[in-house]
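Residue-level structural notes
Below are the chains, spelled out letter by letter.
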Amino acid sequence: MNGRLKVSAFLAPLRTCFTEVYQWGYYNSMRHAPGQDESFLARLKEALETRGFYEIRTLPLKEVRLRLEEIPGDWGIPPALTGRGTLLMAAFPYTRPGEGSDASQPGDPHGLIAPFARRHYYQEAVTRMKGCLMDLGRQDKDVRLFSNSRLPEKPLAAAAGLGFYGRNGLLIVPGLGSRFILAGMMLPLSIGEASHPPLTDEPGAFCGSCRLCIDACPTGALDGFGNLDKNRCLQAWATEDTVLPDTLKNLWGKRLYGCEACQEPCPYNNAPIPDDPPITGELGSSVSIRLILEKGREGSLKSILKGTALGMAWMKPEVFIRNALLSAASAGEKALSDAARPYLHHKNRTLSETARQVMAALDSSD
Ligand code: B12
Ligand code: SF4
Ligand code: SF4
């Protein structure tokens, strides 16, 4: 157990990932008596449920710290968790009933977008949270809202009793599964006790003898104890400006962004999918590879990605183009050679080298 390592040790791995902190608020002095705060929270939870959040848990920050200290692992407690107040963690589902996955047309193969990135769920969750607060007459400057932030959101949600760690390393909410994004709030409210206890302190404790996710991971990135080897995970490579090692390149498939292989077979994901109104930042389940390669050459990729979860603030356009080239190789469509060829001479080595490999693969395909 080591919950007290330096904060920098915790933040280091997060610098490379897509991080969005939407609102850093100020804690005003506690304005309500505890009983009033409990009743405000009850109304807030109800409003969040009405706006599509599936499960919501709350606990006092001082208890968050105690619970996090019990969690194994080399990580520090972020300073944001050292104040007073209440943590609220919520699960926002990201699947749609009956949604297809590949809109390829003959001669126009598409690269696949994983469901969590098809719309801007992170932004949508935070916007809905703000809306709930405003409906209840609370200014969001009193509150810190976050989703995909620098905070350790999975451990926080597990500590709040929202779900448990599956063997795939993801948080699973009973009745919903793992296909949701996490969003949270830190509120200047004082509550007596946590809404729920943690479900378990052992990753995979509710998986029984199942190992489907481990077997389904194409690269063997999961160790069976809830840990993921980032050097093998395709999603981890999807944002890195580098040439993929041959072993991973050959397993890339038609992915353009995101990998769901370790969630698809999970029995917890057979639960009915809640329906929901439209979400901002629609990108779709797949995007034309040719379109990306052409827009990339013109330097206008942002025009198709603006406002989506892949808005490029945290990922270089070259990386997205590299993913499209890899996807082209898997699609095996010779007609894409014309769109890929100009990248042979690109000044970015990731692109020129990947284009060389992809052209070789396309030339040898029938
Ligand atoms: C970096 C990151 C990644 C990296 C690395 C992920 C990893 N597992 O290490 C990559 C790019 C690979 C990745 C991939 C994905 N990610 Co991601 N990712 C993040 C991010 C930004 C930070 C994660 C992190 O490093 N946390 C800090 C460490 C300390 O926490 P931890 O990973 O849980 O590890 C600790 C625990 O395991 C703890 N521990 C050990 N035993 C126990 C026992 C208990 C009881 C507890 C509580 C903890 C615990 O010890 C570890 C620390 O040493 C978070 C958002 C966030 N801010 O949290 C999203 C997040 C984890 N990702 C998310 C998603 C959706 C994905 C993908 C599904 C996307 C996709 N389809 O491609 C994949 C899933 C891959 C997988 N099987 O995990 C969601 C997860 C939702 C969920 N249901 O759990 C998050 C929370 C984003 C969000 N706001 O919704 N991700
Ligand atoms: S996201 Fe894909 S590559 Fe990464 S652990 Fe899951 S199945 Fe494996
Ligand atoms: S697929 Fe099986 S082992 Fe993996 S998280 Fe789901 S229940 Fe657990």
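Residues numbered from 1 in each chain as written. Chains lettered and ligands numbered in written order. Predicted model: local features only at pLDDT ≥ 70, side-chain atom pairs only at ≥ 80, totals over all residues.

1. A short note on the site of ligand 3
- Close to ligand 3 lie 13 residues; Gly166, Cys207, Cys210, Cys213 and Cys266 are nearest.
- Its residues assigned to classes, the shell around ligand 3 shows 8 nonpolar, 3 polar and 2 charged.
- The residue makeup of the shell around ligand 3 includes at least three contributed by each of domain 1 (7-104 + 119-187) and domain 2 (212-364). (Near = placed C-beta within 6 Å. Nonpolar A, V, L, I, M, F, W, Y, C, P; charged D, E, K, R; others polar. Domains from an automatic or database assignment.)

2. Some thoughts on the confidence of the model for the protein
- On average, residues of the protein carry a pLDDT of 86, and 87% of them reach 70 or more.
- Least confident of the elements in the protein is helix 1 (residues 7-11), whose mean pLDDT is 31; most confident is helix 6 (residues 212-216), at 98.
- Note on residues 1-30: pLDDT under 50 across the span, and 60 contacts to partners over four residues away in sequence or across chains. (pLDDT = per-residue confidence, 0-100. Helix = DSSP H or I, 4+ residues; strand = E, 2+ residues; numbered from the N terminus. Contact = placed C-beta atoms within 7 Å.)

3. Describing the sheet that holds strand 3 (residues 110-113)
- Spatially, 8-3-9 is the arrangement adopted by the 3 strands of the open sheet, whose pairing is mixed. The open sheet has two edge strands, strand 8 (255-257) and strand 9 (286-288), and neither has a second partner. Averaged over all adjacent pairs, the angle separating strand axes in this sheet is 40°, with direction ignored.
- As defined by bridge partners, strand 3 adjoins strand 8 across 2 bridges and the pair is classed as parallel. The residue bridging Leu112 from the neighbouring strand is Arg255, located in strand 8.
- Lying over the sheet, helix 9 (residues 289-298) contacts strand 3 and strand 9, oriented at roughly 60° with respect to strand 9.
- In this fold helix 11 (residues 317-331) packs onto strand 3 and strand 8, with an angle of close to 165° to the strand it touches most, strand 8. (Pairing = 2+ DSSP bridges. Axes fitted to C-alpha atoms, helices over the stretch in contact; angles between N-to-C directions.)

4. A short note on the environment of Thr239
- With respect to the helices and strands, the residue Thr239 is situated in the loop between helix 7 (234-237) and helix 8 (246-249).
- On a C-alpha basis, the gap between Thr239 and Arg322 in space is 9.7 Å, while along the polypeptide they are 83 residues apart.

5. Here we look at the environment of Thr350
- Note that Thr350 resides in helix 13 (residues 349-364).
- As for Thr350 and Thr242, which are separated by 108 residues in sequence, their C-alpha atoms are 5.1 Å apart.
- Once you skip the residues sitting within four places of it in the chain, Thr350 turns out to touch Asp241, Thr242, Val243, Glu318 and Arg322.

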